[in-house]
Amino acid sequence: MTNTFTLFDIQTLIAVFQNSSIAHDSLTQFLDSFELDVYSTEDNTTVFAAGGQNDISIEFFDFDHPLKRTMSIMYWENRKPVILNY
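Residues numbered from 1 in each chain as written. Predicted model: local features only at pLDDT ≥ 70, side-chain atom pairs only at ≥ 80, totals over all residues. Heavy atoms only, no water.

Hey, could you run me through the environment of N85 in this one?
On the secondary structure map, N85 appears in strand β5 (residues 80-85). On the basis of relative accessible area, N85 is assigned to the exposed category, the value being 56%. Between the C-alpha atom of N85 and that of D64, which follows or precedes it by 21 residues, the distance is 18 Å. If near-sequence neighbours (up to four positions away) are discounted, N85 is found in contact with M71 and S72. Side-chain polar atoms of N85 contact the side chain of S72, separated by 2.6 Å. (Helix = DSSP H or I, 4+ residues; strand = E, 2+ residues; numbered from the N terminus. Buried < 20%, exposed > 50% of the residue type's maximum accessible area, 1.4 Å probe, protein only. Contact = heavy atoms within 4.5 Å. Polar contact = N/O pair within 3.5 Å; in protein donor to acceptor, adjacent residues only side chain to side chain.)

So this is what it looks like as structure tokens:
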């Protein structure tokens, strides 16, 4: 069973992202527990789109490398765009 990714899941996502290492990388397992559309872009990023009321998207550079990857979380809140970079 998969869950819908919401704003309440962002803090857990950030913690999993920041605690990833080569020996222990649970980001893929965490993301697989949600209903997300996954696609690649022309600039070699991997995007996980949750959509929903806040149109949440999570974009990764170097997704396959836990030490080099970067993450941007984009969503709408109170009709304004929010971008968090990690």
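From this point, things continue past the structure.
Looking at this structure, I do not really get the pattern of salt bridges. What am I missing?
As a working rule, side chains carrying opposite charge can pair if their charged atoms are close by. Under the definition given, this model contains one salt bridge. Across the pair D25 and R69 runs a salt bridge whose closest N-O atoms are separated by 2.5 Å. Of the two residues, D25 is situated in the loop between α1 (10-18) and α2 (27-32) and R69 in the loop between β3 (56-61) and β4 (70-77); the sequence distance between them amounts to 44 residues. Taking relative accessible area as the criterion, D25 reaches 30% and is therefore assigned partly exposed. For R69, a relative accessible area of 5% gives the class buried. (Salt bridge = Lys/Arg side-chain N within 4 Å of Asp/Glu carboxyl O.)

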